[in-house]
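# A structural walkthrough
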Amino acid sequence: MQSSDSLAAIEAAMVTIRRRQTRRALARASEGRHDVDPAVFDVVDAVEAGEPAEATVMTVAAALGVAQPRASKLVAAAVEAGLLRREADQADGRRSLLVRTAAGRELSDRVHESRRARFAAATAGWTPAERATFAQLLTRFVDGLTETAAERH
């Protein structure tokens, strides 16, 4: 396969993943929380991904690639749903830190379990070495995308 063919195959695969991995599909693992905007799950993920560092509305906005007002609305919805709570920053009283509640941690666990089950099913015919190689290459790919995005800003 030529380099341009490989890049076209990567693009097609990524488009397919994006279409299939909708927030709603991942939110199915939330059982009983369908009344919450599926974008709220992205907020919980962003707060979890930043742990143990301090999460704020601004760090959530950066992680999700949205403007601060949108992040603020999503955080408010996550707080209202009981998935996050705001805590006063002891170093700066003007800031609120975001922390997952027990319900938020439980939701994260269920979503991880659901995602990993889907990934296990998708790679069921793979050897452990193939899974390890794919994980390594995919991580390297994502890191490359992150570096490319950082260079543009």
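Attention in this report is confined to the structure presented alongside it. Since the structure is predicted, the reported quantities are computational estimates derived from the model, not experimental observations.

This part is about the packing of aromatic side chains. Within this structure, the stated rule accounts for one aromatic pair. Ring centres of W126 and F134 lie 5.3 Å apart, and the angle between their planes is 90°; this geometry places the pair in the edge-to-face category. The partly exposed category is assigned to F134, whose relative accessible area is 41%.

Next up on the list: unusual backbone geometry. Here the amide bond leading from E51 into P52 is cis, since omega sits at 10°, within 30 degrees of zero. Relative to the elements of secondary structure, P52 occurs in the loop between α3 (39-50) and α4 (57-64).

It is the contact of α4 with helix α5 (residues 68-80), at a shortest axis distance of 9 Å, that shows an interaxial angle of 110°. With respect to α5, the axis of α4 lies roughly perpendicular. Across the interface between the two elements, V57, M58, V60, A61 and L64 from α4 touch Q68, A71, S72, L74 and V75 from α5. Of the residues assigned to the contact of α4 with α5, the class counts are eight nonpolar, two polar and no charged.

Among the surface-exposed residues, L7, I10, M14, I17 and L145 lie close enough to one another that they form a single nonpolar patch of about 440 Å² accessible area. For the nonpolar patch, the element with the highest residue contribution is helix α1 (residues 3-20), accounting for four residues. The residue I17 is located in helix α1 in this model. I17 sits in the partly exposed class, given a relative accessible area of 44%.

Rules behind the numbers
- Residues numbered from 1 in each chain as written.
- Predicted model: local features only at pLDDT ≥ 70, side-chain atom pairs only at ≥ 80, totals over all residues.
- Heavy atoms only, no water.
- Phe/Tyr/Trp six-rings, centres within 6.5 Å; stacked < 30°, edge-to-face > 60°.
- Buried < 20%, exposed > 50% of the residue type's maximum accessible area, 1.4 Å probe, protein only.
- Helix = DSSP H or I, 4+ residues; strand = E, 2+ residues; numbered from the N terminus.
- Axes fitted to C-alpha atoms, helices over the stretch in contact; angles between N-to-C directions.
- Parallel < 35°, antiparallel > 145°, perpendicular 65-115°, else oblique.
- Contact = heavy atoms within 4.5 Å.
- Nonpolar A, V, L, I, M, F, W, Y, C, P; charged D, E, K, R; others polar.
- Patch = residues over 30% accessible without salt bridge, like charges linked within 9 Å, V, L, I, M, F, W, Y side chains within 5 Å.
- Areas by Shrake-Rupley, 256 points an atom, 1.4 Å probe, with all protein chains shown as cover.
- Salt bridge = Lys/Arg side-chain N within 4 Å of Asp/Glu carboxyl O.

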